[in-house]
Amino acid sequence: MTEWEGVFPLWKDVGMTSHDCVSKARKLFRMKRIGHTGTLDPEVSGVLPLCLGRATRIVEYLQELPKTYEAEMTIGYATDTEDATGAVVERVEAVDLTEADIRAAAGRFVGEIEQTPPMYSAVKVDGKRLYELARAGLEVERKSRVVTIHSIDVTEIRRDGPFYKVAMTVVCSKGTYIRTLCADLGRSLGYPAVMSALVRTGSGPIRREQCLTLAEAARLAGEERLGEALLPIGEALSFLPRGDVSEAAVVPALQGRKLYAKAVRSASEPADDLAVYRLYGGERLIGLYRKDADEDMFVPLKLFT
């Protein structure tokens, strides 16, 4: 049996939980060691990278990366879930705004902002998921959290009867609730608002156009081409700087030993004094090393040999 290794850039269909996706992928690849890099709500489709085999060791790096979403916000009513699936709790007769008002408000949400997780979310309070409490008719106090909105690109604003529909592309940090962003944005304009549609189009370096559905991957499996669905570990980590180990230092590197900085040729400077590098011996990924500027050494973090 083939022991697959790499990142499967899955396009998650609507109606599936992230756990469902992992379960089906385990059957498809006939292996248990699979992990996902960030949950998506069942009603949301989009990019959900799955790590297979030794690639599960890079989940911690991938899940911390910014996510890209295409969202639609409807200004004019609010629901208890902050999206279109919930019960309406507030509605106005008409919305009186200009496009300039909406664009200016969106711009004010770029940067670090505070969000309060919605009651219909998987956040735990005293051991209970918030959505479990919400379904029981309870509402509890939630701690706000700081998230980062890297950019909001408003791509379309149009009238929809008495309301407005606003399409936007949002790049944000892990843990950001787009539906809460929509609700807060509407509130800043003086109106109730909901997230009426959402698609995740990017997760770190993995984009929509690279992804396959489970059905497409199953078709490749039937043609004995399933390996074509996987991104190599090094490629999935392309956001990290690459270092090439000198021929004399390859063996020590494979043994997980510290390497002198002069034994590594890097094409880019680290973003900080403790940057993580992908180290290669030729075209072979050796592992992830941390560059310690104080010691002028590369220190091993994870080996893939």
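Since the model is a prediction, treat every value here as computed from it, not as a measurement. (Residues numbered from 1 in each chain as written. Predicted model: local features only at pLDDT ≥ 70, side-chain atom pairs only at ≥ 80, totals over all residues. Heavy atoms only, no water.)

(A) Region of interest: the overall build of the protein. Within the protein, the secondary structure is distributed over 8 helices and 19 strands. Put simply, 66% of the contacts in the protein that link residues at least 6 apart link residues at least 24 apart. Of the roughly 15,400 Å² of accessible surface on the protein, a fraction of 47% belongs to carbon and sulfur atoms. (Helix = DSSP H or I, 4+ residues; strand = E, 2+ residues; numbered from the N terminus. Contact = heavy atoms within 4.5 Å. Areas by Shrake-Rupley, 256 points an atom, 1.4 Å probe, with all protein chains shown as cover.)

(B) Spotlight on the pattern of salt bridges. One pass over the full model with this rule turns up 15 salt bridges. Two residues, Arg158 and Glu156, come together in a salt bridge whose shortest N-O distance is 3.9 Å. You can call Arg158 partly exposed: its relative accessible area is 34%. Residue Glu223 pairs with Arg225 through a salt bridge whose shortest N-O separation is 2.4 Å. Glu223 gets classed as partly exposed once you look at its relative accessible area, which sits at 43%. Overlapping salt bridges bring together Glu72, Glu156, Arg158, Asp160 and Lys165 as one network. (Salt bridge = Lys/Arg side-chain N within 4 Å of Asp/Glu carboxyl O. Buried < 20%, exposed > 50% of the residue type's maximum accessible area, 1.4 Å probe, protein only.)

(C) Representation of the packing of aromatic side chains within the structure. Inspection of the entire model under this criterion finds 4 aromatic pairs. With a centroid separation of 6.0 Å and 40° between ring planes, the pair formed by Tyr77 and Phe163 is classed as tilted. Residue Tyr77 is found in strand E5 (residues 77–79), and its partner Phe163 is found in strand E11 (residues 163–172); the two are separated by 86 residues along the sequence. By relative accessible area, which is 15% here, Tyr77 ends up buried. Here a set of aromatic residues connected by ring pairs shows up, and it is made of Trp4, Phe8 and Phe29. Of note, Arg91 hangs over the ring of Tyr77, and the distance from its end group to the ring centre comes to 5.5 Å. (Phe/Tyr/Trp six-rings, centres within 6.5 Å; stacked < 30°, edge-to-face > 60°. Lys NZ or Arg CZ within 6 Å of the ring centre and 35° of its normal.)

(D) Structural detail: unusual backbone geometry. Phi is positive for Arg30, which is not a glycine, with a value near 55°. On the secondary structure map, Arg30 appears in the loop between helix H1 (18–29) and strand E2 (34–36). Residue classification places Arg30 among the exposed residues on the basis of a relative accessible area of 63%. The backbone phi angle of Glu82 is positive, close to 70°, even though this residue is not glycine. With respect to the helices, strands and loops of the structure, Glu82 is situated in the loop between E5 and strand E6 (88–91). Exposure remark for Glu82: the relative accessible area of 15% places this residue in the buried category.

(E) Quick look at the side chain of Arg200. Take Arg200: it is sitting in strand E12 (residues 193–203). An unpaired buried charge is present at Arg200: no salt bridge exists, and Asp41, the closest side chain of opposite charge, is 8.5 Å distant. A distance of 3.1 Å separates a polar atom in the side chain of Arg200 from the backbone oxygen of Thr39. (Lys, Arg positive; Asp, Glu negative; His and termini not counted. Polar contact = N/O pair within 3.5 Å; in protein donor to acceptor, adjacent residues only side chain to side chain.)

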